[in-house]
Amino acid sequence: MTTPDPNTRPALAPAKINLFLHVGAVQPDGYHPLASLIAFADVGDRIRLMPADRLSLTLTGPFAPALHADGDNLVLRALRELGRVAGIGEPPLAVTLDKALPIAAGLGGGSSDAGAALKLANRALDLGLPESELADIARIVGADGPMCLIARSAWAEGIGEVLSPAPQLPPLHAVLANPGRPSPTGAVYRAFDAGPPGRIDRPAPPADWTPATVIDWLARQRNDLQDPAVALEPAIGDALAAMQASGARLTRMSGSGATVFGLFDDAATAATAADELGSNNADWWVRSTVLGVNTAKISQ
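The structure contained in this document is the topic of the report that follows. (Residues numbered from 1 in each chain as written. Predicted model: local features only at pLDDT ≥ 70, side-chain atom pairs only at ≥ 80, totals over all residues. Heavy atoms only, no water.)

A separate point is the pairing of strand S8 (residues 250-253). Along S8, one buried face is formed by Leu-250 and Arg-252 and the opposite face, lined by Thr-251 and Met-253, is buried too. Sheet topology places S8 next to strand S9 (residues 260-264); 4 bridges connect them, and they run antiparallel. Residue pairing across strands places Arg-252 opposite Phe-261, the latter belonging to S9. Taking the residues between adjacent antiparallel strands as the criterion, S8 and S9 are bridged by 6 residues, where Gly-255 takes a positive phi near 55°. (Buried < 20%, exposed > 50% of the residue type's maximum accessible area, 1.4 Å probe, protein only. Helix = DSSP H or I, 4+ residues; strand = E, 2+ residues; numbered from the N terminus. Pairing = 2+ DSSP bridges.)

Turning to the pattern of salt bridges, a few remarks are in order. With the rule as written, the count across this model stands at 13 salt bridges. Asp-201 is the salt-bridge partner of Arg-222, the closest N and O atoms lying 3.0 Å from each other. Taken as a pair, Arg-222 in the loop between helix H6 (211-218) and helix H7 (226-232) and Asp-201 in the loop between helix H5 (185-193) and H6 lie far apart in primary sequence, 21 residues in all. Among the charged side chains, a salt-bridge network with shared partners connects Asp-45, Lys-99 and Asp-113. (Salt bridge = Lys/Arg side-chain N within 4 Å of Asp/Glu carboxyl O.)

Its place among the elements puts Ser-111 in helix H2 (residues 109-124). For Ser-111, a relative accessible area of 6% translates into the label buried. Spatially, the C-alpha atoms of Ser-111 and Gly-142 are 7.4 Å apart, while their sequence positions differ by 31 residues. Not counting residues within four places of it along the chain, the set of residues in contact with Ser-111 comprises Leu-74, Val-141, Asp-144, Gly-145 and Cys-148. (Contact = heavy atoms within 4.5 Å.)

Note that strand S5 (residues 154-157) and strand S6 (residues 162-165) share 4 bridges and pair antiparallel. Within the sheet, the bridge partner assigned to Glu-157 lies in S6 and is Val-162. In this antiparallel pair of consecutive strands, S5 and S6, the connection spans 4 residues, and Gly-158 shows a positive phi of 65°.

Another aspect to go through is unusual backbone geometry. At the junction of Gly-257 and Ala-258, the peptide bond is cis and its omega measures out at 10° in the coordinates. The phi torsion at Ala-104 lies on the positive side, around 50°, for a residue other than glycine. Considering the arrangement of structural elements, one finds Ala-104 in the loop between strand S4 (93-98) and H2. Within the chain, Asp-126 stands out as a residue other than glycine whose phi angle is a positive 55°.

Among the structural elements, Thr-60 can be located in strand S3 (residues 56-60). In the structure, Thr-60 is positioned 64 residues away from Ala-124 in sequence and 21 Å away in space, judged by C-alpha atoms. Those residues in contact with Thr-60, other than ones at most four positions away along the chain, are Thr-96, Leu-97, Asp-98 and Lys-99.

So, on to the packing of helix H1 (residues 74-86) against H2. Put simply, H1 and H2 touch, their axes get as near as 8 Å, and they point 35° apart. In terms of crossing hand, the pair formed by H1 and H2 is right-handed. Taken together, the residues of H2 that come into contact with H1 (itself represented by Leu-74, Val-75, Ala-78, Leu-79 and Leu-82) are Gly-110, Ser-111, Asp-113, Ala-114, Ala-117, Leu-118, Ala-121 and Asn-122. Across the contact of H1 with H2, the residue classes tally to 9 nonpolar, 3 polar and 1 charged. (Axes fitted to C-alpha atoms, helices over the stretch in contact; angles between N-to-C directions. Left-handed = near helix turned anticlockwise from the far one by under 90°. Nonpolar A, V, L, I, M, F, W, Y, C, P; charged D, E, K, R; others polar.)

With that settled, the discussion passes to the packing of aromatic side chains. In this description, a pair of aromatic rings is defined by centroid distance and the angle of the planes. Counted according to the given criterion, the structure contains 5 aromatic pairs. Each member of the aromatic cluster is reached from another via a ring pair, and the members are Phe-20, Trp-155, Trp-209 and Trp-217. (Phe/Tyr/Trp six-rings, centres within 6.5 Å; stacked < 30°, edge-to-face > 60°.)

The end-to-end C-alpha distance of helix H9 (residues 267-280) is 20 Å, a good match for the 20 Å that 14 residues give at a rise of 1.5 Å each. Of all the positions in H9, only Ala-270, Ala-273, Ala-274 and Leu-277 are classed as buried. The arc that holds every buried residue of H9, seen down its axis, measures 105°, which confines them to one face. Pointing more than 90 degrees away from the buried face of H9 are the exposed residues Ala-268, Asp-275 and Ser-279. The secondary structure elements touched by the buried residues of H9 are strand S7 (172-178), helix H8 (234-245), S9 and strand S10 (285-291). Sitting at the head of H9, Asp-266 places a side-chain oxygen 3.3 Å from the backbone nitrogen of Ala-268. (Expected span 1.5 Å × (residues − 1). Arc of directions from axis to C-beta. Polar contact = N/O pair within 3.5 Å; in protein donor to acceptor, adjacent residues only side chain to side chain.)

As a further point, take the nonpolar core. Counting 31 residues, the largest nonpolar core has Val-175, Leu-225, Ile-236, Met-243, Val-260, Phe-264 and Val-286 as its most contacted members. Of all the elements in the fold, those that place two or more residues in this core are strand S1 (11-23), strand S2 (34-51), helix H4 (145-150), S7, H5, H8, S9 and H9. Residue contacts for Phe-264: discarding those within four places in its chain leaves His-173, Ala-174, Val-175, Ile-215, Met-243, Ser-246, Gly-247, Ala-248, Thr-269, Ala-270 and Ala-273. In this structure, Phe-20, Leu-101, Trp-209 and Ile-215 belong to the second largest nonpolar core, which totals 28 residues. (Core = buried A, V, L, I, M, F, W, Y, C linked by side-chain atoms within 4.5 Å.)

Glancing now at the packing of H1 against helix H3 (residues 131-138). In contact at an axis separation of 9 Å, H1 and H3 are set at 125° when each is read in the N-to-C sense. Viewed along their axes, H1 and H3 adopt a mutual orientation that is oblique. In the packing of H1 onto H3, the handedness of the crossing is right-handed. Of the residues in H3, those in contact with Ala-78, Glu-81, Leu-82 and Val-85 of H1 are Glu-133, Leu-134 and Ile-137. (Parallel < 35°, antiparallel > 145°, perpendicular 65-115°, else oblique.)

Okay, here's the thing in structure tokens:
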């Protein structure tokens, strides 16, 4: 039997979760300084690359209709930049994106898609670019491009581009829920700017990185974009309330929303909560997951 080419296997583009998000006042350049602890889930989109005559993108999956496979797609934008930096022009690859994550959901989906595509293309074309250079390329898709390329638990500071590994973070059992309403990042930040001035602080980490201790420590943190996002989209508040009622130890919005997450004591409790949330809210996207896993080990 022929062994499959590892470069053509689908790769996970994992969902990114802001376990907390402290946001400062807007700077003259329009960006906001922030401090956040980032974890990645074992659920996400899937990317596959195949050799081809030219660069192309095919969209599949439940959320594909909400995207466009045109030049503004973040995957194509990242791959074109890769080709420019490598001096090869547009990479001759046929890309398939299985879009399983909701759009404008606070999960870093587009940036994670771009990051997974960059790593796959680097291997498939035997370019040999180091991760640091790929991270520089990933900035073209936004401030969260480098963190989504690395896709490992990290502290994020600056405008999200200053990353420090957080290897102590234990696996956390979680449920993700999206109420089916978009939460555009720009609108949420404008609502945040209209309120009291933000403050940025990176809290001292817990001395003991057990799941229970981390959850208790995270409960003392916040997502500064949560209240502005709920004011713009009340469905996020409904999702937060439903998650809290499901028995989550901690409930919070991720990023600029609309996805919320709950942290649970174990996998069985999280799975039960996900089943109940999905049954009671048929139009929501709900998944149980583990945060903080090494997503590089997840293939098909």
